[in-house]
Amino acid sequence: MTTDCQTPDRQALAQAIAQRRPWAIDTLSWWVRYGSVLGEEATAQEYIAGVYEDLGFDARLEPIDIDAIKDLPGFSPVDWSYDGRPNAVGVFDPGENKGRSLILNGHVDVVSPEPSSLWSSPPFDPRVVENEEDGETWMYGRGAGDMKGGSTCFLWALAALRDLGFEPASKVIVQSPIEEECTGNGALALCANGYTADAALIPEPFNETILRRQVGVLWFQVRILGKTMHVLGTGRGVNAIEKSWVVIQALRRLEEEINAPENIPADFAHVAHPINLNVGVIDGGDWASTVAGECVTRFRLGLFPGEKVEDLKARIEKCVADAAAADPWLKDFPPTVEYVGFQAEGCDFDIESDFGRMLRAAHCEWRGGEPTILDATCTTDVRFFNLYHGIPSTCYGPKAVNIHGVDEKVSIDSMQRVAEVMATFIAQWCGLRERTET
Ligand SMILES: [Zn+2]
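What counts, and where the lines are drawn
- Residues numbered from 1 in each chain as written.
- Predicted model: local features only at pLDDT ≥ 70, side-chain atom pairs only at ≥ 80, totals over all residues.
- Heavy atoms only, no water.
- Pairing = 2+ DSSP bridges.
- Helix = DSSP H or I, 4+ residues; strand = E, 2+ residues; numbered from the N terminus.
- Donors = N, O, S within 2.8 Å, 3.2 Å for Na, K, Ca; no water.
- Buried < 20%, exposed > 50% of the residue type's maximum accessible area, 1.4 Å probe, protein only.
- Domains from an automatic or database assignment.
- Buried area = accessible area lost by both parts, 1.4 Å probe.
- Salt bridge = Lys/Arg side-chain N within 4 Å of Asp/Glu carboxyl O.
- Expected span 1.5 Å × (residues − 1).
- Arc of directions from axis to C-beta.
- Contact = heavy atoms within 4.5 Å.

1. A word on the sheet that holds strand S9 (residues 210-214)
Right, so step 1: Taken in spatial order, the three strands line up as S15-S9-S16 in an open sheet, and their pairing is mixed. On the outer flanks of this sheet lie strand S15 (347-348) and strand S16 (373-376), each paired with one strand and no other.
Right, so step 2: The pairing of S9 with S15 spans two bridges and is antiparallel. Each bridged residue has a counterpart across the sheet, and for Gln214 the counterpart in S15 is Cys347.

2. Considering the coordination of the zinc ion
Right, so step 1: Protein coordination of the zinc ion is provided by His107 (NE2), Asp146 (OD) and Glu204 (OE), with donor distances spanning 1.9 to 2.2 Å.
Right, so step 2: For the zinc ion, the donor residues sit on a single chain with the sequence spacing H-x38-D-x57-E. With a gap of 97 residues between them, His107 in the loop between strand S3 (102-105) and strand S4 (127-129) and Glu204 in the loop between strand S8 (200-202) and S9 connect regions that are remote in the sequence. You'll find His107 and Glu204 in the same group, each marked buried.

3. Comments concerning the domain arrangement of the chain
Right, so step 1: Along its sequence, the chain is carved into domain 1 (10-214 + 347-434) and domain 2 (216-344).
Right, so step 2: Here the C-alpha centroids of domain 1 and domain 2 sit 34 Å apart.
Right, so step 3: Around 1,400 Å² of area is buried between domain 1 and domain 2 when both sides are counted, 59% of it from carbon and sulfur atoms.
Right, so step 4: Among the residues domain 1 hides against domain 2, the three largest losses belong to Pro77, Arg213 and Thr377. Together they make up 34% of the total.
Right, so step 5: In this assembly, domain 1 and domain 2 are joined by one salt bridge.

4. Topic: helix H3 (residues 42-54)
Right, so step 1: Between its first and last C-alpha atoms H3 spans 19 Å; for 13 residues at 1.5 Å apiece the expected length is 18 Å, and the two agree.
Right, so step 2: Within the span of H3, buried status applies to Ala44, Gln45, Ile48, Ala49, Val51 and Tyr52. Along the axis of H3, the buried residues cluster in a sector spanning 155°; they form a single face. Every exposed residue of H3 that faces more than 90 degrees away from the buried side is listed here: Glu46 and Asp54.
Right, so step 3: The inward-facing, buried residues of H3 contact helix H2 (21-33), strand S1 (58-62), strand S2 (87-92), helix H5 (144-163) and strand S7 (172-176).
Right, so step 4: Just downstream of H3, Gly56 is the residue with a positive phi angle, here 90°.

Printed below as a string of structure tokens:
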């Protein structure tokens, strides 16, 4: 038997969430400890699947079949394997949809903490500092902020609702995809496996703001050939590492042109320097006493919503070709541009949609005012839901500092605030009923 019931009152909810705080800190600590850089996600996934089970979800670990996704829109090419690197997903199906169904998604992968010697404590040994100078309680650790802290918020909200004797009255799917930080192929595979819902919420660490739009991201690498030579004949050799500088400078000029005020679309006019080029990796030469014969430089460049990845590729290839044509060596040995990783388009979210309004209202209810609206200069997995599946999707997550950097940390207090808003949002979007299982 099921019984319809009201949304729990705010005070009861606040209390239930406060009581779950030690559990949330413990859950996040363990999850951070199971560091999950590219290729090493399995243990963290097994761990979180267990948490899903504890919260009443039917948990699954799903391998990624690259042949099943490689022709889908949004796919990003890779040169690595998916063996032993599952997505984790949990399904709660009440057997009815009294309200609307919901996906709660947070990527498991974290970026490398290197150089870890610069951290004040080991990056995968999380450390909670109560009441730092700013009065907030923080957890330090790689992935605490981006984004296991955010994912813990929705588990925290669901746990508190359970403690009060409630469960969602519509289907809820919790997801922990791999590869948000390099391809998005984890989220792509989840969508391809048929996990859809009426809305998808991703608690990326955007400081309790609501995401309205995000840029796309393209990864590319430029391979330059030089002329190897013993250092005795350095003058007759051509150093591929040094030649990479010709290409880097040309791409910096392209970045400047893209960010010129007259070239920025109105939607991003208020964002300072929305499109960023990053020189992320340089891999050249193989011997200190040999003139470097080959250099591969890996870049990341953004693109505006509405722009096509293929058009940006053409622009990059022309930029590299023009720079090569003006160089005495490269004109005869032109660099090649290759693509591995992100081929992500930008996208928008309608904050006036039912989903947007309800999430903003839940924030207002707890915080007493409208949330700040964010136009982000990075990408997130919301694009798969928004662009390819017609599922409205946005980000709303806690405050974090130094994500991708040294001494990354997440505010536990902010996580608690996000859990409050999420509990109210889940109650209103999905509806609640009395818990039927024991
Ligand atoms: Zn993230």
